[in-house]
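Results of the structural survey
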Amino acid sequence: MRKYLQYTLASCFFLMCLAGVRSLQAADPKIDYDVENIPDALLENANAVMRMEKGSVEILNEEKGEFTRSWAVTILNKNGSSHNTLVAYYDASFNKVSQITGNLYDANGKLVRKLKPKEIQDFSASGGDVGDNRAKVAELTYNEYPYTVEFSYTRSYKGSVFLPNWQFQRATKMAVQKSTFSVTSETSFGWNYKMYNGAPEPTIKEDGEVRIVSWDMEKLAATEYESYSPEVDVPFILTSPEKIVWDGYVGNSSTWQEFGQFSYELNKGRQNLPDELKEKVHQMTSNASTVREKIDTLYKYMQENTRYVSIQLGIGGWQTFDPEYVYRNGYGDCKALSNYLHSMLKEVGVPSHTVLVQAGSDENDIKPEFVGDQFNHVILVVPNEGDSVWVECTSSENPAGYLGRFTQDRHVLITKDGESKLVKTPTAYPEDNLQKRSADINLKSDGTAEAKVYTRYTGYQQDRIRQSVRGLNDRDMEKWLKKRIHIPSYDLNSYDWEEITGNVLPTYDLNYEVFARKWASASGNRLFLAPNTLNPKTDVPEKMDDRTQPIALDYPYLDTDTLTYHLPEGYSIESMPEMPVKIETVFGEYEANIVMKNPTTLVYSRKLKMEKIELPAKSYNDFREFKKAVSKADRLQIVLNGKS
Amino acid sequence: MLSFLIVGLLLSSELLYGQGIEDRIAPFQKEMLEVTSYPEFPDAGAVILSDVGTLKSLFVFTGWVGMTKVKRRIHILSESEISRGDVELFYYYKGGSESINQVKGRTYNLVEGDTIVSELNEEDIYSETLDEEYARMKFSLPNVKAGSIFEYEFIRTEANLFSPSPWFFQSDIPTLVSDYQVFLPANYDYTYVVLGSDSEKLESVSDGNWRMENLPGITEEPYSSGLMNYLSQIRLQLQGVTQNGSYKKVLEDWPSFTKKLLASDFMGKKFKQKVKIKSDEWSVLSNLSEDKEKMVEIYNHVKDKMTWDGSHSYLCFRKTNDAYKEQKGTSAEINFILLNLLRKANLQADPVLISTRDMLMPIKDFPLATAFNHVIIHVSIGGEEYFLDATDPQRPYNLLAFEDLHQIGWLLRKENPGWVNIPNDYPAMQGINVLANIDEDGFEAGLQGYSEGYYGLNIRRAIDEIGVDEYANSLSTSMVEDENGETFHLENLEEIDKPLKWKYQLEENEYVIESNDRIYINPMFGFELEENPFMSKERYHPVDFGHTFQQNYSITFLIPEDYEVESLPESQRYILPNRVGAFEYVVGEEDGRIQMRSSVKIRETLFIPEGYFYLRELYDKMITKQSEQWVLRKKS
């Protein structure tokens, strides 16, 4: 058999070889899925155990290939039952999913049933977008735990900007008995790979013209998600073809410059403005004396006249619509809008470049040392030594130069003819993300109060507020505010908000007046007042004795609160906690104070600053203590007595 | 075949609709763009200027089909509403039963005093199938900005004129004019109902032409059933056909509706299909001596065996045993399996058709199967009645899914079929007991609680999701270990038919503060209601709690030897009109201890807007009372 195989390998053309390799792989002995065969160590903390998982990529030629994934997972209890489902995502223009199989085994490894073809469903996976993303979904349900499901599917692809990557462990609370990944290609096919987080070195076999690169991992214990941790570091492999072929376009990804060049070429020649727009652009910028003024003017024009609509069909997932399309329709996706602004800037002599980015508030950064497609979004940059202007073109509100949590502080690829390069977007500091509040509170002896509250938001904190309130009508605004103001029971008398323009950071003011039916609690002669009514941070992370993951704080902010209380006549402080409270840690700083300015005026002030920082797991307890101390200080109460 | 035919016929649709629609609404005029707000709806960010629907019937060789031409014109007033220009139309494409064609659209903008019209291009209209039943047509109107008016039109074809799709006059934003006209076969006899909170505004323009004007937008409010029940709408129903001079009734009455369903392949016939339960399992179930015990164990068997696929259905399209073998099914499949096994055990069990809370309540005038979307099982044992729904393994037999609590259902059986009231008095009870004292070691408290019915279910679900540790952390972050080294003790987590019980101990914490020879006590230890769930001053829809409920809290606080009470809150009682609910707070001092009991009871589930004021008031009283503190003073 072996001899025969060698003979075929040497003598026939490549595709046949692959068929030979496949039959060799299929000859694997059948695995016994009896749960008795799971090592005890893998059952710890696990809701499921991946008994075996195998991913194999077969490169048919520089444009076509097949990815086959087969796996068997034992589901130990109902919390692991979501793993009983096969989900095979695909792009309807470039992929095809076939050969879906599924088997269900009981605890002893005895076959209960096979998946029937009519159980396989096909769904749109484009969400609200117009797009090609779809998914084949099949589920094997069983309610006698433990049981094992076995699945496999093959996805063929056309066009190679990327190759399938591999993750050796796919979920928390899931142990892995064995996971293997292999890429089979002609020896002449150039591609790159890199291992992360303890993924092993590959085994490389060459046989005539065929090369098989494969990785094996065994016995990975179940991991657990821990709050405030970065994404769990599971072992994975990134892969990337050296030569990019996509719908007639060719490029290569040996360097970031080359990869950027491919994107540049794909979008070249799509910058022609309609004459009408050309004229408009010149007219609008005729009085602008600086580059910055030109950017601001054209960005504002775009924000006022377009909206974000995502259309990702075929190569449209990669290639931009031209400015004519955006001008005619008044909408476009991130590529089209970035290219639109880029083209308008070009028309008035301001050079700019589109930028590829992995966007997302909670996304890990890309791996800068590994060249390949790690991006999902496009923004624009206008270069300026040391003070480049970054523009998020899908935002109808941001000032130019502000990116927000979606794209800040990460590696991005600037695409520029012959000079594409990886750089980092600017980071944010606590002081950039302000919530600055002052309030005037007329407290009555029955515990009711009239309060005027003024709050200024900038940066991230402003993003959160503005995205919710901008343009809400009165009734919805009232509903929204009522959800956010945590006074037990009150009437909202009036409010207004205003976008403060002209600042580097987006800034928003929100003011309101309430009548609180219970601001303080009245009992007999006394008023019990928790002075930090408006902004108590009371969440305390759970106790954890054996924390394993680091702590990642990724939302730096600064809150200041100054609440001026006008007390009813004749009341004095009977009891008050020790003041001021001051806490300084690496995580953040906290300060609170109470001062009697005169017999009827009490001023409560508070400051909480949280850093952007990553710290080792052993700091968790300190972090919890800090949060606990803040929570305690934020709930302190004053007792006022009106018995004079 | 059908869909092919319809496409052919659409060619003549311009002819079919003629100028009908344009006659019924004002054509677009430039002045419309000059309006910046509408006096009746000063807060609106967008307004439907007109929404016109025309239903015409067409005879094709398979029978009559309905084609509804819809033309909608929307004025965007605020930038936050521009995404309304991205339109999605969903339709049920399976078996060619519905399709959407002839989409057109345009946007009007006022630019330097001129009206600029941007047409929607045909190539920018996309459609895709979402799954095996539904498809979506999606398009974005060009150049939509604050101030734009856009309009779009389309034709929706449905292969059924028996119960045409309802026409909704109302939406989530205000509607100035909504006009619906129908042209139906002359020999078809239709009846209709008008539903919704503004239905008195309906105006009958002419025979088969209805109109409503100036309708406010309607959005969700807490504690109410689905919006569907409040949006103003008209529903047509075919009741008879005249053929060759003789009138034939096609809309049944409830008795014949019942008979027909009982004979249906997808309903009554399924009751007779065998569910092949393993004989050893069956002998355990059937050998129980009490009927109620049998019912409970059969219910437990089905709910634990079957996984619900999340879809509600009242019909069953495959063999019940196939679903049983697959251990997965729709609500109808699961509950029909339950029914079959209950009957196999000679219990008197029958299906009850219901509509879930998010759906329209059944219309008693229309004996239609489509009024329902779910089926539950009614069992009668020695005069006791039980309602069962086996779709959730966390729910004991004596608890229906919250979604099922929608007032009425149709009891489907040969003898005495009829409407039944879905019980609303399922257990929903919570009790907490606290014993606290202060001695030389400082403050110490033991808390224990039990949660029954829906309250227990909610906690079990929370624990399923976040785990016991995090749940404990959410109750208190100052728990201390007891003598057994345990911090949070849980009982009956798995025994779902029993109340869930928990207990823990607290030491020093923020609820008890010693300062200047005084002790201030916040006696609810975090179990006080923090916010009134009814924030709005006014209420547009009724409150529908679904079920009655009760919460009790009691505490015994031992006063330290050297202290005495300085002040305690006053006891209070607040009773809702007609005694449908009450809040009570009773506190007193005796034998060196303070005893307090705080309870709330709601005995009615439906509160019409007029009763809302009192309900809101009750919650206010409770919040105020529960936040009051106790003061002890050092004896002099």
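Residues numbered from 1 in each chain as written. Chains lettered and ligands numbered in written order. Predicted model: local features only at pLDDT ≥ 70, side-chain atom pairs only at ≥ 80, totals over all residues. Heavy atoms only, no water.

Scanning chain A from N- to C-terminus turns up 10 helices and 39 strands. For chain A, the spread of C-alpha atoms along the three principal axes comes to 105 × 70 × 45 Å. For chain A, the share of sequence-separated contacts (at least 6 apart) that also reach a separation of at least 24 residues comes to 71%. As presented, chain A carries roughly 28,400 Å² of accessible surface, and 48% of it is formed by carbon and sulfur atoms. (Helix = DSSP H or I, 4+ residues; strand = E, 2+ residues; numbered from the N terminus. Contact = heavy atoms within 4.5 Å. Areas by Shrake-Rupley, 256 points an atom, 1.4 Å probe, with all protein chains shown as cover.)

Scanning chain B from terminus to terminus reveals 13 helices and 37 strands. Taking all 636 residues of chain B together, the buried fraction comes to 54%. Expressed as a percentage of contacts within chain B between residues at least 6 apart in sequence, the contacts between residues at least 24 apart total 72%. A total of about 28,700 Å² of accessible surface is found on chain B, and carbon and sulfur atoms cover 48% of it. A distance of 9 Å separates the average location of the 63 positive side-chain charges in chain B from that of its 102 negative side-chain charges. (Buried < 20%, exposed > 50% of the residue type's maximum accessible area, 1.4 Å probe, protein only. Lys, Arg positive; Asp, Glu negative; His and termini not counted. Charge placed at Lys NZ, Arg CZ, Asp CG, Glu CD.)

Take a positive patch on the surface next. A grouping of Lys-116 and Lys-118 of chain A together with Lys-274, Lys-276, Lys-319, Lys-325 and Lys-344 of chain B is seen on the molecular surface, where their side chains present a positively charged patch. Locating Lys-325 of chain B in the fold gives a position in helix α9 (residues 320-326). (Patch = residues over 30% accessible without salt bridge, like charges linked within 9 Å, V, L, I, M, F, W, Y side chains within 5 Å. Salt bridge = Lys/Arg side-chain N within 4 Å of Asp/Glu carboxyl O.)

Time to look at the interface of chain A and chain B. Each side of the interface is counted separately: chain A has 69 residues, and chain B has 70 residues. Carbon and sulfur atoms supply 37% of the area that chain A and chain B bury against each other, a total of about 5,500 Å² over both sides. The largest share of the area that chain A buries against chain B comes from Asn-143, Arg-307 and Arg-475 of chain A, three residues that together contribute 11% of it. Summed over the shared surface of chain A and chain B, the result is 10 salt bridges. (Buried area = accessible area lost by both parts, 1.4 Å probe.)

All names here are of chain A. Packing of helix α8 (residues 459-469) against helix α9 (residues 474-484) brings their axes to within 10 Å, and their N-to-C directions diverge by 145°. Taken together, the residues of α9 that come into contact with α8 (itself represented by Arg-464, Ile-465, Ser-468 and Val-469) are Met-477, Trp-480 and Arg-484. Considering only residue class, the contact of α8 with α9 consists of four nonpolar, one polar and two charged. (Axes fitted to C-alpha atoms, helices over the stretch in contact; angles between N-to-C directions. Nonpolar A, V, L, I, M, F, W, Y, C, P; charged D, E, K, R; others polar.)

Further remarks concern the confidence of the model for chain A. Per-residue pLDDT for chain A has a mean of 89; in total, 95% of the residues score no lower than 70. Of the regions scoring below 50 in pLDDT, residues 1-27 of chain A engages in 24 contacts with residues more than four places distant in sequence or in other chains. (pLDDT = per-residue confidence, 0-100.)

What follows concerns the sheet that holds strand β7 (residues 134-140) of chain B. For sheets, the rule is that strands pair by backbone hydrogen bonds, running either parallel or antiparallel. Residue and element names in this part refer to chain B. Reading across the sheet, the three strands line up as β3-β7-β6 and stay open at both edges, with antiparallel pairing between neighbours. Each edge of the open sheet is held by one strand with a lone partner, namely β3 (86-92) and β6 (125-129). Strand-to-strand twist across the sheet, computed as the mean angle between neighbouring axes with direction ignored, equals 20°. In this sheet, β7 lies alongside β6 in antiparallel orientation, the contact comprising five bridges. Among the inter-strand pairings, Ser-127 is bridged to a residue of β7, identified as Met-137. (Pairing = 2+ DSSP bridges.)

This brings us to the state of the cysteines. Taken as a whole and assessed by the stated rule, the structure comprises zero disulfides over all chains. In this structure Cys-393 of chain A is not part of a disulfide, and its nearest cysteine sulfur, from Cys-334 of chain A, lies 9.2 Å away. (Disulfide = S-S within 2.5 Å.)

The next point concerns the packing of helix α4 (residues 275-285) of chain A against helix α5 (residues 291-305) of chain A. All names here are of chain A. Closest axis-to-axis distance for the α4/α5 pair is 10 Å, and the angle between their directions is 130°. Classified by the interaxial angle, the pair formed by α4 and α5 is oblique. When you trace α4 past α5, the crossing you get is right-handed. Listed contacts from α5 to Leu-277, Lys-280, Val-281, Met-284 and Thr-285 of α4 are Lys-294, Thr-297, Leu-298 and Tyr-301. Of the residues assigned to the contact of α4 with α5, the class counts are five nonpolar, two polar and two charged. (Parallel < 35°, antiparallel > 145°, perpendicular 65-115°, else oblique. Left-handed = near helix turned anticlockwise from the far one by under 90°.)

When their charged atoms lie close together, side chains carrying opposite charge are able to pair. Residues and elements named next belong to chain A. Here the structure, examined in full by the defined rule, presents 74 salt bridges over all chains. Residues Lys-136 and Asp-122 are paired through a salt bridge, measuring 3.3 Å at the closest nitrogen-oxygen approach. Placement of the pair is Lys-136 in strand β8 (residues 133-139) and Asp-122 in strand β6 (residues 121-124), with a sequence separation of 14 residues. The salt bridge involving Lys-178 is made with Glu-218; its shortest N-O contact spans 3.8 Å. One end of the pair, Lys-178, is in strand β11 (residues 174-186); the other, Glu-218, is in strand β14 (residues 210-220), and 40 residues separate them in sequence.

Mapped onto the elements, Asn-503 of chain A comes out in the loop between β28 (490-500) and β29 (507-516). Separated by 3.0 Å, the side chains of Asn-503 of chain A and Thr-507 of chain A make a polar contact. (Polar contact = N/O pair within 3.5 Å; in protein donor to acceptor, adjacent residues only side chain to side chain.)

Now for the nonpolar core. One finds Val-434, Phe-525, Phe-545, Phe-557, Leu-615, Trp-630 and Leu-632 of chain B to be the most contacted residues of the largest nonpolar core, which totals 67 residues. Excluding its chain neighbours within four sequence positions, the residues that come into contact with Leu-632 of chain B are Asp-517, Arg-518, Ile-519, Ile-521, Phe-557, Ile-559, Pro-560, Tyr-563, Glu-564, Val-565, Glu-566 and Ile-594 of chain B. In this structure, Tyr-402, Met-579, Val-581 and Ala-592 of chain A belong to the second largest nonpolar core, which totals 60 residues. (Core = buried A, V, L, I, M, F, W, Y, C linked by side-chain atoms within 4.5 Å.)

Moving on, we come to the pairing of strand β26 (residues 434-443) of chain A. All names here are of chain A. The pairing of β26 with strand β33 (residues 557-566) spans nine bridges and is classified as parallel. Across the sheet, Arg-437 pairs through a bridge with Asp-561, a residue of β33. Looking at chain direction, β26 and strand β27 (residues 449-458) are connected through nine bridges and run antiparallel. Across the sheet, the residue bridging to Lys-436 is Arg-456, located in β27.

Geometrically, the link from Tyr-145 of chain A to Pro-146 of chain A is a cis peptide bond, its omega value of -10° lying close to zero. Here the residue pair Met-579 of chain A and Pro-580 of chain A is connected by a cis peptide bond, since its omega of -5° sits within 30 degrees of zero. Looking at where Pro-580 of chain A falls in the secondary structure, it is placed in the loop between β34 (572-575) and β35 (581-584). The phi angle at Tyr-228 of chain A is positive, at roughly 65°, despite the residue not being glycine. With a relative accessible area of 25%, Tyr-228 of chain A lands in the partly exposed category. Its identity as a non-glycine residue notwithstanding, Asn-492 of chain B has a phi of 65°, on the positive side. Mapping Asn-492 of chain B onto the fold places it in the loop between β26 (488-491) and β27 (500-506).

This part is about the packing of aromatic side chains. Taken as a whole and judged by the stated rule, the model has 68 aromatic pairs over all chains. For the pair Tyr-555 of chain A and Tyr-557 of chain A, a centre-to-centre distance of 6.0 Å together with 65° between the ring planes defines the contact as edge-to-face. For Tyr-557 of chain A, a relative accessible area of 12% corresponds to the buried category. Counting every residue linked through ring pairs, the aromatic cluster contains Tyr-223, Phe-534, Phe-545, Phe-549, Phe-607, Tyr-612 and Tyr-619 of chain B. Over the aromatic face of Trp-166 of chain A sits the side chain of Arg-170 of chain A, whose NZ or CZ is 4.9 Å from the ring centroid. Over the ring of Tyr-585 of chain B we find Lys-625 of chain B; its NZ or CZ atom is 5.9 Å from the centre of that ring. (Phe/Tyr/Trp six-rings, centres within 6.5 Å; stacked < 30°, edge-to-face > 60°. Lys NZ or Arg CZ within 6 Å of the ring centre and 35° of its normal.)

Residues and elements named next belong to chain A. If you trace the four strands from one edge of the open sheet to the other, you get β30-β31-β39-β34, paired in antiparallel fashion. At either margin of the open sheet sits one strand with a lone partner, and together these are β30 (521-523) and β34. The mean angle between the axes of side-by-side strands here comes to 35°, regardless of whether they run parallel or antiparallel. As paired strands, β30 and strand β31 (residues 526-529) are joined by three bridges and run antiparallel to one another. Among the inter-strand pairings, Ser-521 is bridged to a residue of β31, identified as Phe-528.

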